[in-house]
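Residue-level listing of the chains:
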Amino acid sequence: DGGITQSPKYLFRKEGQNVTLSCEQNLNHDAMYWYRQDPGQGLRLIYYSQIVNDFQKGDIAEGYSVSREKKESFPLTVTSAQKNPTAFYLCASSPRGPVDTQYFGPGTRLTVL
Amino acid sequence: ELKVEQNPLFLSMQEGKNYTIYCNYSTTSDRLYWYRQDPGKSLESLFVLLSNGAVKQEGRLMASLDTKARLSTLHITAAVHDLSATYFCAVDMEYGNKLVFGAGTILRVKS
């Protein structure tokens, strides 16, 4: 089955720790994205990548880092510099064709203890 | 800076009734998406609207786009309980590179 997987589903972090959220897709999509969702709010773009080895900051990139070494994978690291990281994190991908619908993974819920 | 506003933010409606959710955006774009999110779940793509006057329908939901008014609507016909979810519109800023989302409309359909 083609799709987007994110792991873990739930993640607990102590203050001062870096954590990495995994996102993998087997849809052969070129573009991948990371969003953050806070309760009762829409999604905000953290980073996006159109091709391997290239990525761009979104609206709220501070305190986050990404890499895109493989087409299928786009991990997000939440660093200790992110002051309020508790949120629901969603990864998405799109084919970069004429209709660039973004398809979303199941999400990771990160809680800082 | 692009702003996307949805209203209402919360909608409680009876089964069988009709209603419309509105999505206004502040700068030029001719690509707009509607998504559905169930509680604690990911987003599911509903509609992609790619030009002025575009209309898409799926079951009891119909979406339209007026790029001149910078307005999209999501119309619900004869609501059923299964439509209860949060609905987001998202405007495409850079040909798929950057979606800006509205805050979402929480829809509750009561039997």
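A.B. asks: Teacher, can you tell me more about the sheet that holds strand 7 (residues 61-66) of chain B here?
C.D. replies: Strands belonging to one sheet form pairs held by backbone hydrogen bonds; the direction of such a pair is parallel or antiparallel. All names here are of chain B. Across the sheet, which stays open at both edges, the five strands sit in the order 1-3-8-7-6 with antiparallel pairing between neighbours. Looking at which strands have only one partner, the edges of the open sheet turn out to be strand 1 (4-7) and strand 6 (55-58). Across this sheet, the average inter-strand angle for adjacent strands is 15°, counted without regard to direction.

A.B. asks: Mind showing me how you'd approach a nonpolar patch on the surface here?
C.D. replies: Together, Y10, F12 and L113 of chain A make up a nonpolar patch on the protein surface, roughly 380 Å² of accessible area in all. Mapped onto the elements, L113 of chain A comes out in the segment after strand 11 (108-112).

A.B. asks: Hey, could you run me through the side chain of R13 of chain A in this one?
C.D. replies: All names here are of chain A. Of note, R13 is situated in strand 2 (residues 10-13). One buried charged residue, R13, forms no salt bridge at all, with the nearest opposite charge on E15 at 6.9 Å. Of the polar contacts made by the side chain of R13, one reaches the backbone oxygen of Q17; its length is 3.1 Å. Apart from the residues lying within four places of it in its own chain, the contact partners of R13 are V19, V78, T79, S80, Q82, P85, L110, T111, V112 and L113.

A.B. asks: Help me understand the interface of chain A and chain B, please; the structure alone is not making it clear to me.
C.D. replies: Many authors give the size of an interface as the accessible area that is lost as the parts come together. Counting from both sides, the interface comprises 23 residues of chain A and, opposite them, 21 residues of chain B. Taken over both partners, the interface formed by chain A and chain B buries close to 1700 Å², and the fraction arising from carbon and sulfur atoms is 49%. Taken together, the links from chain A to chain B amount to zero salt bridges. Here chain A is connected to chain B by three residue pairs in polar contact (both at pLDDT 80 or more).

A.B. asks: I tried to follow the environment of L65 of chain B on my own but got confused; where do I start?
C.D. replies: By secondary structure assignment, the location of L65 of chain B is in strand 7. The exposure class assigned to L65 of chain B is buried, which follows from its relative accessible area of 3%.

A.B. asks: Even after reading the chapter, I still don't get the pattern of salt bridges, so can you show me in this structure?
C.D. replies: Where charged atoms from two side chains of opposite charge approach closely, those side chains can pair. All told, the structure shown has five salt bridges over all chains when counted by the stated rule. A salt bridge links R36 of chain A to D38 of chain A; the shortest N-O distance between them is 3.0 Å. R36 of chain B is the salt-bridge partner of D38 of chain B, the closest N and O atoms lying 3.0 Å from each other. Here R36 of chain B falls in the buried class, since its relative accessible area comes to 14%.

A.B. asks: Could you clarify how one ought to interpret the state of the cysteines in this entry?
C.D. replies: A covalent bond bridging the sulfur atoms of two cysteines is what the word disulfide describes. All names here are of chain B. Taken as a whole and assessed by the stated rule, the structure comprises two disulfides over all chains. Here C23 is linked by a disulfide to C89, with a sulfur-sulfur distance of 2.0 Å. Because the sign of the S-S torsion sets the handedness, a value of about 80° for the bond joining C23 and C89 places this disulfide among the right-handed ones. Within this pair, whereas C23 is found in strand 3 (residues 19-25), its partner C89 is found in strand 9 (residues 85-92), the two being separated by 66 residues in sequence.

A.B. asks: Would you take a moment to explain the nonpolar core for this structure?
C.D. replies: One recurring pattern in soluble globular proteins: nonpolar side chains tend to sit buried together. Grouped together as the largest cluster of nonpolar side chains are 26 residues, with contacts concentrated most on V4, L32, W34, L74, I76, Y87 and L107 of chain B. Looking at this core, the elements that each hand over two or more residues are strand 2 (10-14), strand 3, strand 4 (32-37), strand 5 (43-49), strand 7, strand 8 (71-76), strand 9 and strand 11 (105-110) of chain B. With four residues, strand 9 of chain B is the single largest residue contributor to this core. Judged by nonpolar contacts, the second largest core, of 20 residues, contains L11, V19, C23 and W34 of chain A.

A.B. asks: Honestly, the pairing of strand 3 (residues 19-25) of chain A in this entry has me stumped. Any pointers?
C.D. replies: Regular strands place their side chains on alternate faces of the sheet. All names here are of chain A. Across the two faces of strand 3 the burial differs, with V19, L21, C23 and Q25 buried and T20, S22 and E24 not buried at all. Note that strand 1 (residues 4-7) and strand 3 share four bridges and pair antiparallel. The residue bridging T5 from the neighbouring strand is E24, located in strand 3. Where strand 3 lies against strand 8 (residues 76-78), three bridges are found, and the strand directions are antiparallel. Looking at strand 8, one finds that T20 is bridged to T77.

Reading the values: rules and limits
Residues numbered from 1 in each chain as written. Chains lettered and ligands numbered in written order. Predicted model: local features only at pLDDT ≥ 70, side-chain atom pairs only at ≥ 80, totals over all residues. Heavy atoms only, no water. Pairing = 2+ DSSP bridges. Helix = DSSP H or I, 4+ residues; strand = E, 2+ residues; numbered from the N terminus. Axes fitted to C-alpha atoms, helices over the stretch in contact; angles between N-to-C directions. Patch = residues over 30% accessible without salt bridge, like charges linked within 9 Å, V, L, I, M, F, W, Y side chains within 5 Å. Areas by Shrake-Rupley, 256 points an atom, 1.4 Å probe, with all protein chains shown as cover. Salt bridge = Lys/Arg side-chain N within 4 Å of Asp/Glu carboxyl O. Buried < 20%, exposed > 50% of the residue type's maximum accessible area, 1.4 Å probe, protein only. Lys, Arg positive; Asp, Glu negative; His and termini not counted. Polar contact = N/O pair within 3.5 Å; in protein donor to acceptor, adjacent residues only side chain to side chain. Contact = heavy atoms within 4.5 Å. Buried area = accessible area lost by both parts, 1.4 Å probe. Disulfide = S-S within 2.5 Å. Core = buried A, V, L, I, M, F, W, Y, C linked by side-chain atoms within 4.5 Å.

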